[in-house]
Amino acid sequence: MFGSHDTSSKFNQLRRQAEELIRQHQDSGPLKTSDVIDLRHELRIHQAELEIRTKSSNGVQQELSELYLEYERLYEFAPCGYVNLGTKGIITRVNLTAVSLLETTRQFLLHSGFSRFIALGWEHAFLAVLKKAGETGEKQSIELPLKRKSAAAWPRLNCCWNSG
């Protein structure tokens with residue numbers, strides 16, 4: 001999820017901030033033995049805190065990974081077909097049910113225009129809904145017949161996306 005470069009950069013930034021803070025608060029007097037013992041104790045406490053935070057962070061990372069896999073399985077094996085489209089009607093993602101419904105392969109579907117799968121005479125209706133979704137940012141729905149080798153299908157299409 002997070003790149004090692006991002007983590008390293010954040011660690012280096014945190015270290016620079018800590019060094020600057022130490023420079024600003026340096027005492028000019030010599031350290032006593034009791035000060036060294038106290039500092040050593042504080043360092044051990046901070047080290048233990050960091051280890052606890054690391055374990056917690058690793059647990060959260062593991063949980064996020066598991067949730068992502070669960071979402072991926074739900075999306076991929078859903079009983080209805082999902083086709084994600086870019087703003088120009090280009091297929092960016094498709095689940096297995098949609099691949100079956102469109103009677104082709106995922107590789108063929110990805111990065112191709114969805115309008116090629118709509119029955120002749122209905123392309124303009126699809127493009128109008130797609131355009132309106134892009135202009136308003138609101139979900140638009142339409143039922144259109146698909147070009148298919150087997151029985152006809154009239155799926156309900158919900159078009160929406162964020163402009164960002």
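Residues numbered from 1 in each chain as written. Predicted model: local features only at pLDDT ≥ 70, side-chain atom pairs only at ≥ 80, totals over all residues. Heavy atoms only, no water.

1. A look at the overall build of the protein chain
Then, number 1: Counting its regular elements, the protein chain contains 5 helices and 4 strands.
Then, number 2: Mapped in sequence order, the helices and strands of the protein chain form the string α-α-β-β-α-α-α-β-β.
Then, number 3: When the 164 residues of the protein chain are sorted by exposure, 18% land in the buried category. (Helix = DSSP H or I, 4+ residues; strand = E, 2+ residues; numbered from the N terminus. Buried < 20%, exposed > 50% of the residue type's maximum accessible area, 1.4 Å probe, protein only.)

2. Some details on a nonpolar patch on the surface
Then, number 1: Taken together, the side chains of Val60, Leu64 and Leu67 present a nonpolar region at the surface, about 250 Å² in accessible area.
Then, number 2: Here valine 60 lies in helix α2 (residues 33-76). (Patch = residues over 30% accessible without salt bridge, like charges linked within 9 Å, V, L, I, M, F, W, Y side chains within 5 Å. Areas by Shrake-Rupley, 256 points an atom, 1.4 Å probe, with all protein chains shown as cover. Salt bridge = Lys/Arg side-chain N within 4 Å of Asp/Glu carboxyl O.)

3. Remarks on the confidence of the model for the protein chain
When pLDDT is low, close inspection of the predicted coordinates is not appropriate.
Then, number 1: Taken as a whole, the protein chain shows an average pLDDT of 83; of its residues, 88% reach a score of 70 or greater.
Then, number 2: Highest mean pLDDT in the protein chain belongs to helix α4 (residues 106-109) (94); lowest belongs to strand β4 (residues 156-159) (68). (pLDDT = per-residue confidence, 0-100.)

4. Comments concerning unusual backbone geometry
Most of the time, phi is negative for any residue but glycine, and the peptide bond is trans.
Then, number 1: Phi angles above zero are rare outside glycine, and glutamate 103 is one such case at about 55°.
Then, number 2: Checked against the element boundaries, glutamate 103 lands in the loop between α3 (96-101) and α4.
Then, number 3: Despite not being glycine, histidine 111 has its phi angle at roughly 70°, a positive value.
Then, number 4: Following the sequence through the fold, histidine 111 ends up in the loop between α4 and α5 (123-136).

5. A closer look at the pattern of salt bridges
Then, number 1: What the rule picks out here adds up to 5 salt bridges.
Then, number 2: The closest approach of N and O atoms between arginine 93 and glutamate 72, which form a salt bridge, is 2.5 Å. Here arginine 93, found in strand β2 (residues 91-94), pairs with glutamate 72, found in helix α2; they are 21 residues apart in sequence, far enough to count as distant.

6. Let's talk about the nonpolar core
Then, number 1: Ile91, Val94, Leu102, Leu109, Phe114, Phe117 and Phe126 are the most contacted members of the largest nonpolar core, which totals 16 residues.
Then, number 2: For this core, the secondary-structure elements that each account for two or more residues are β2, α3 and α5.
Then, number 3: Among the elements that make up this core, the one with the highest residue count is α5 (3 residues).
Then, number 4: Setting aside chain neighbours within four positions, we find leucine 109 in contact with Ile91, Val94, Val99, Leu102, Thr104 and Phe117. (Core = buried A, V, L, I, M, F, W, Y, C linked by side-chain atoms within 4.5 Å. Contact = heavy atoms within 4.5 Å.)

7. Notes on the packing of aromatic side chains
Then, number 1: Tallied over the full model, the rule gives 5 aromatic pairs.
Then, number 2: Ring centres 6.2 Å apart and planes at 45° place the aromatic pair phenylalanine 114 and phenylalanine 117 in the tilted group.
Then, number 3: You can call phenylalanine 117 buried: its relative accessible area is 7%.
Then, number 4: Here the aromatic residues Phe108, Phe114, Phe117 and Phe126 are joined through ring pairs into a cluster of three or more. (Phe/Tyr/Trp six-rings, centres within 6.5 Å; stacked < 30°, edge-to-face > 60°.)

8. Let's talk about the pairing of β2
Then, number 1: Pairing geometry for strand β1 (residues 83-85) and β2, over 3 bridges, is antiparallel. When the sheet's bridge partners are listed, valine 83 is paired in β2 with valine 94.
Then, number 2: Connecting β1 to the antiparallel partner β2 that follows it, the hairpin turn spans 5 residues, and glycine 89 within it adopts a positive phi of roughly 80°. (Pairing = 2+ DSSP bridges.)

9. Comments concerning the environment of glutamate 72
Then, number 1: Here glutamate 72 falls in the partly exposed class, since its relative accessible area comes to 21%.
Then, number 2: For the pair glutamate 72 and asparagine 95, spaced 23 residues apart in the sequence, the C-alpha separation amounts to 9.5 Å.

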